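# Chain and residue survey
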Amino acid sequence: MTKNFSQTAAFIWSVADLLRGDFKQSQYGRIILPFTLLRRLECVLADTKAAVVAESERIAEKGLPEEAQEKFIIRASKHAFYNTSPMDLSKMGQSDIKDNLNTYVQSFSKDAREIFEHFKFEEFVGQLADANLLYKVVRMFATTDLSPEAISNHEMGFVFEELIRRFAESSNETAGEHFTPRDIVRLTTSLVFMEDDNALTKDGIIRTIYDPTAGTGGFLSSGMEYVLELNPDAVMRTYGQELNPESYAICKADMLIKGQEVNNIKLGNTLSSDQLVAEKFDYMLSNPPFGVDWKKISGEINDEHTQKGFDGRFGAGLPRVSDGSLLFLMHLISKMRPITTNEQEANNGQNSNQGSRIGIILNGSPLFTGGAGSGESEIRRYILEADLLEAIIALPTDMFYNTGIATYVWVLSNKKAPERKGHVQLIDGSNLYGKMRKSLGSKRNEMSDDDIKTIIRSFGDFEVVDARVLDKPEEVKSNRGRQSANPKSEAAKTFASKIFKTHEFGYRRLTIERPLRLSAQLTDSAIDSLRYAPKPFDMVMPALYEAFGNDWTTDSDTDSDTSNYGDLSAVTLEARAMIKADFSELKESQVKDVLAAKVWQSQLALMNKAKALQAAIGDSQFDDFNEFDKVFKQALKDADASLDMSLDTKEKKQLLDAITWKNPEAEPVIKKVVKVANPLYGAFSYTDPASKTKIVEFQTDSDLRDYENVPLNPEVTTTELIESYFAREVQLHVPDAWINSDKTDAIDEEVGIVGFEIPFNRHFYVYEPPRALAEIDADLDAVSSEIMQLLGEVHS
């Protein structure tokens, strides 16, 4: 940050003092930013202003069409924009200043005028005039030197960003949504451009840069600057899209000043309305918002995913609606130029079909969120199987204005160098930072040029770097409160780089089943529980029965009339009051059901059937449900014809749930008999208690279901991979387990669901042994003594 930048930003910020009281803090930015832009444009045009005014007057006499006039005036302006008014801010007197200023702004060329329209500049000029502040504001800006000689384009970018940050901070808005800190921009830009030797060395090279979340244009400007510093003869063309109108206006103004084709900068939501839909780009840079949901545009996104598939942008999958970061990444991948197959064209530096490179900043969530088969996992799978990911770099925390969370730079390319093919480099740069003298919002750390060079060098060398200690000062700790006598030593700040094969991030998720083992017994208490229906009536019915069911007749073995069972008509008001007080979660339809006799009568009938079964079967415990099921079915079949013992599916489930329980000592429940044994996949040779052997499949116990993630290994078949793993890691310890072969991957249709994750921190984890117990005990003794001393002083 230069002296020019600091002084200029501070002076412009002081304009807010004039506005205080007449305008809300949230309005300061919408006034000061367009005035800053206006003054900058005015200063840029100053050297050719006289020539433009003269040419405008000359052309006006000829009566040429507007487009033809613009071409003549642009030539006189020597810039991509112009202003035909002889006025400027310094010449505006106090009288009629509102009309003069509006006329002055309308005298700009079309693209420049649009910038002020997005700020609703005319509306705020009127409000300033009504508050008698317009002349004062104009005079302050008229005396501010924003000429390119006084403050460069690079520094002007700092000015805009600092103003936005201050205004966003004062009005509780999110500054980070508008721009990215310049140290992160420099790092990301360098990573993306460093391997294009043609663009950095040859004459007449044409390259395109794109940012789908352009903000104020920091990434676009940095990309141009990076290439042009190394190769002034290169031609850089910028493209972008931005959702926020003010940020869009600043970006457009910046590109206008730099001579770019501003029609390539679009306003709107990139994900739901891509306004550069047919374009492909050489370089793409983006810092999408972290953790922002896409619920409002989910209709458009889901339609594109389902209707277009891989012909659209989101064919690989969709992330959860709470975080749209990966949608931006897939959008960028869809904008990659294809690789040329013509060798002669490939050697031509100006060929546009030579692939693309992407640099995108994401938080930690896209690395690992979502298990196998989820949208996030499928997106990672697509990226890694297509071999698009070159590297991921972990950044320090507290690097952004609006968040202190961990962030990562992803570098992608469809033109990997031969040595990088099939590999991904992970670089841990989380300790490469220095503390800022003064925090800016949440940004407390910054990366120096040396820090950035360390990462760039490691990336360029594409070599493994074992954790090496950095020459960084120790963190300054707070000296408040009681200090430990034996403080824990701080872990050394290290830098490391690791290289992995792409398949090492993948796994195949197996579903492991265990047999259901049930015991059964027709006890009195189990039968009595059938008096009440299952959820949602399992709590309210016992309460109602206890309060109002004492006189109901329930004995089915007598000639007693049970028609009054469940009749609550005489106590409906009292019953409703009790339900409202104690069971307010019940819906009105459920209240009506439980107050009607029908549900009570059906439960009574089920309970009486269970009693009849108990009389036939007895109340002995069965630890072989297979045997019990035979006895149970026979008892139903042999029941007295005068009794209706039929059970529908719902009744049978409730009855069995009441009289059975899981018992690890019981025999497994047989599902069906099969012909061929295959214990790995659940076909077991089973000898029952009667010593009869058969090949069977068992019912599964969902409570014992487990999952195993088997690392991918392309050198062996899937069958060999999962079966060897299962035999080694599962079957050896749990002999009755098996692989659920019905759970197959949707893409390769083989057993197990493929998943991909990038556990970045796990790969760089360094074990830190805990403090010795003696040291901890000493600290506790010291604290206890101090507490006793303080208590003694209180009592004395």
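Once a new chain begins, its residue numbering starts again from 1 and follows that chain's sequence as written. Given that this is a predicted model, residues contribute local features only at a pLDDT of at least 70 and side-chain atom pairs are listed and counted only at 80 or more, while totals for whole chains, interfaces and linings are drawn from all residues. Heavy atoms from the whole structure form the basis of all side-chain values; hydrogens and water molecules are not counted.

## A word on the overall build of the protein
Heads up, the rule is: Comment: elements are numbered from the N terminus, with helices defined as DSSP H or I runs of at least four residues and strands as E runs of at least two. Between the two quantities, the radius of gyration covers C-alpha atoms and the globule rule is 2.2 Å times the number of residues to the power 0.38. Using a 1.4 Å probe on the protein chains alone, a residue whose accessible area is under 20% of its type maximum counts as buried, one over 50% counts as exposed, and one in between counts as partly exposed. Note on contacts: a residue pair qualifies if any of its non-hydrogen atoms lie within 4.5 Å across the two residues.
The helix and strand inventory of the protein stands at 30 helices and 21 strands. In summary, the protein has a C-alpha radius of gyration of 37 Å against a globular reference of 28 Å for 796 residues, an excess of more than 25%. Burial analysis of the protein (796 residues in total) assigns 48% to the buried set. Excluding contacts between residues fewer than 6 apart, the proportion of contacts in the protein whose partners are at least 24 apart in sequence is 76%.

## Concerning the side chain of R420
Along the chain, R420 turns up in the loop between β7 (407-413) and β8 (423-428). Judged by its relative accessible area of 1%, R420 is buried. Excluding residues within four positions of it along the chain, R420 makes contact with E195, E390, Q425, F459, G460 and F462.

## Focus on helix α3 (residues 25-45)
Three or four residues apart is the spacing at which side chains of an α-helix point the same way, because the helix has 3.6 residues per turn. Convention followed: To estimate the expected span of a helix, count its residues, drop one, and scale the result by 1.5 Å.
Between its first and last C-alpha, α3 extends 31 Å over 21 residues, near the 30 Å set by a 1.5 Å rise per residue. The buried count for α3 comes to 17 of 21 residues, which makes it a mostly enclosed element.

## Section: the sheet that holds strand β16 (residues 670-673)
The cut-off we apply is this: In this analysis, strands are considered paired if DSSP registers two or more bridges between them. Think of each axis as a best-fit line through the C-alpha atoms, taken over the contacting stretch in the case of a helix, with angles from 0 to 180 degrees between the N-to-C directions.
The strand order β16-β18-β17 describes an open sheet built from 3 strands, whose pairing is antiparallel. The sheet is open, and its two borders are formed by β16 and β17 (684-687), each paired with just one other strand. Strand-to-strand twist across the sheet, computed as the mean angle between neighbouring axes with direction ignored, equals 60°. As judged from the 4 bridges shared by β17 and strand β18 (residues 693-698), these two strands associate in the antiparallel manner. Bridge pairing links T687 to T693 in β18.

## Side note on the pattern of salt bridges
For clarity, the cut-off: Salt bridge, as used here, is a side-chain nitrogen of Lys or Arg placed within 4 Å of a carboxyl oxygen of Asp or Glu.
Applying the stated criterion across every chain yields a total of 35 salt bridges. The partner of D282 in a salt bridge is R337, and the shortest N-O contact between them spans 2.9 Å. Separated by 55 residues along the polypeptide, D282 in the loop between β3 (265-267) and β4 (283-286) and R337 in the loop between α16 (325-334) and α17 (343-346) bring together distant segments of the chain. In this pair, the class of D282 matches that of R337, namely buried.

## Quick word on helix α27 (residues 649-659)
Stated precisely, the cut-off is as follows: Between N or O atoms, a polar contact is any pair within 3.5 Å; within protein, one atom must be a potential hydrogen donor and the other a potential acceptor, and residues adjacent in sequence are included only when both atoms are from side chains.
Among the residues making up α27, those that are buried are E651, Q654, L655, L656 and I659. Taken together, the buried residues of α27 touch β14 (518-520), α21 (524-528), α25 (597-617), α26 (625-638) and β15 (660-662). For α27, the N-terminal cap is D648; the gap from its side-chain oxygen to the backbone nitrogen of K650 is 3.2 Å.

## Quick word on the sheet that holds β4
What the 10 strands build is an open sheet, ordered β3-β2-β1-β4-β5-β7-β6-β8-β12-β11; its pairing is mixed. Either end of the sheet is taken by a strand with one partner, and the two such strands are β3 and β11 (465-469). Going from strand to strand, the sheet's axes swing by 15° on average, the running direction of each strand aside. Inspection of the sheet shows strand β5 (residues 357-363) paired to β7 by 7 bridges, in the antiparallel sense.

## Describing the packing of aromatic side chains
Note the cut-off: The pairing test for Phe, Tyr and Trp rings, Trp by its six-membered ring, is centres within 6.5 Å, and the orientation test on the planes gives stacked under 30 degrees, edge-to-face over 60, and tilted for anything in between. Charges are assigned to positions over rings by a cutoff of 6 Å between ring centre and Lys NZ or Arg CZ, combined with an angular limit of 35 degrees from the ring normal.
Evaluation of the coordinates by the stated rule reveals 25 aromatic pairs. When the centroid spacing of 5.8 Å and the interplanar angle of 50° are considered together, the rings of Y104 and F108 count as tilted. For Y104, a relative accessible area of 1% gives the class buried. One aromatic cluster in this structure is built from F35, Y104, F108, F116, F121 and F141. Over the face of the ring belonging to F459 we find R420, whose NZ or CZ atom lies 4.2 Å from the ring centre. Here the guanidinium or amino end of R509 rests over the ring plane of Y707, the centre of that ring lying 3.8 Å away.

## A short note on the confidence of the model for the protein
As a reminder, the rule being used: The predictor rates its confidence in each residue with pLDDT, a number between 0 and 100.
Of the residues in the protein, 92% reach a pLDDT of 70 or more, and the chain-wide mean stands at 88. Taken as a whole, residues 343-352 scores under 50 in pLDDT and shows 15 contacts with residues more than four places along the chain or in a different chain.

## A look at the nonpolar core
What counts, and what does not: Buried residues of nine kinds, namely Ala, Val, Leu, Ile, Met, Phe, Trp, Tyr and Cys, make up a nonpolar core once their side-chain atoms join them within 4.5 Å.
With 93 residues, the main nonpolar core has F35 and L101 as its most contacted residues. At 11 residues, α3 tops the list of elements feeding residues into this core. Ignoring sequence-local partners within four residues, the contact set of F35 consists of L101, F121, L128, L134, V137, V138 and F141. Membership of the second largest hydrophobic core comes to 45 residues, among which are M330, I392, F500 and F760.

## Side note on the pairing of β11
Burial analysis of β11 places just 0 of its 5 residues in the buried class, which makes it a mostly uncovered element. Two elements, β11 and strand β12 (residues 494-501), share 3 bridges in a ladder whose sense is antiparallel. In the sheet register, V469 faces β12, and the bridge partner there is T494.

## Focus on unusual backbone geometry
At the junction of K535 and P536, the peptide bond is cis and its omega measures out at 10° in the coordinates. Note that P536 resides in the loop between α21 and α22 (540-548). Although it is not a glycine, D96 sits at a positive phi angle of roughly 55°. Mapping D96 onto the fold places it in the loop between α5 (66-77) and α6 (97-106). Despite not being glycine, K120 has its phi angle at roughly 55°, a positive value. Topologically, K120 is positioned in the loop between α7 (110-118) and α8 (121-130).

## A closer look at the side chain of D323
Rule in force here: In this tally, Asp and Glu contribute negative charge and Lys and Arg positive charge; neither His nor the terminal groups of the chain are included.
Among the secondary structure elements, D323 is positioned in the loop between α15 (298-308) and α16. Put simply, D323 is tucked away with no salt bridge, and the nearest opposite charge, on R320, sits 7.6 Å away. Engagement of the side chain of D323 in a polar contact is seen with the backbone nitrogen of G291, the distance being 3.4 Å. With sequence-adjacent residues up to four places away left out, D323 is seen in contact with G291, V292, D293, W294, N363 and S365.

## Concerning the environment of M645
Residue position: M645 is located in the loop between α26 and α27. Spatially, the C-alpha atoms of M645 and K609 are 6.2 Å apart, while their sequence positions differ by 36 residues. Residue contacts for M645: discarding those within four places in its chain leaves K609, A612, L613, L636 and A639.

## Re the packing of helix α4 (residues 49-60) against α5
Our working rule: Any angle that falls under 35 degrees is termed roughly parallel, while one over 145 is termed roughly antiparallel, one within 65 to 115 roughly perpendicular, and all others oblique. Crossing handedness: left-handed means the near helix sits turned counterclockwise from the far one by under a right angle, and right-handed means the same turn made clockwise. Classes in brief: Ala, Val, Leu, Ile, Met, Phe, Trp, Tyr, Cys and Pro nonpolar; Asp, Glu, Lys and Arg charged; the others, Gly included, polar.
Running from N to C, α4 and α5 point in directions that differ by 160°, and their axes come no closer than 8 Å. Classified by the angle between their axes, α4 and α5 sit roughly antiparallel to one another. As α4 packs across α5, the resulting crossing turns out to be right-handed. Within the contact between the two elements, α4 uses A51, V52, E55, S56, R58 and I59 and α5 uses Q69, F72, I73, A76 and S77. The residue makeup of the contact of α4 with α5, split by class, is 6 nonpolar, 3 polar and 2 charged.

## Quick word on the packing of α3 against helix α9 (residues 134-142)
Between α3 and α9, the least distance of the axes is 10 Å, while the angle of their chain directions is 45°. When the axes of α3 and α9 are compared, the pair comes out oblique. When you trace α3 past α9, the crossing you get is right-handed. Where α3 abuts α9, its residues I32, F35, T36 and R39 lie against L134, V137, V138, F141 and A142.

## A look at the environment of A214
If you trace the backbone, A214 turns up in the loop between β1 (206-211) and α13 (218-230). With 321 residues separating them in the primary sequence, A214 and K535 have C-alpha atoms 54 Å apart. Excluding residues that lie within four positions of it along the chain, A214 makes contacts with G240, Q241, E242 and C251.

## Side note on a nonpolar patch on the surface
Applicable threshold: Put simply, a patch holds well-exposed residues, over 30% relative accessible area, that have no salt bridge, with like charges counted together within 9 Å and Val, Leu, Ile, Met, Phe, Trp or Tyr side chains within 5 Å. Surface exposure here means Shrake-Rupley accessible area, sampled with a 1.4 Å probe, where a residue is shielded only by the protein chains that are shown.
A surface patch of nonpolar side chains, about 360 Å² in accessible area, is lined by V783, I787, M788 and L791. By the secondary structure assignment, M788 is in helix α30 (residues 773-795). Judged by its relative accessible area of 57%, M788 falls in the exposed class.

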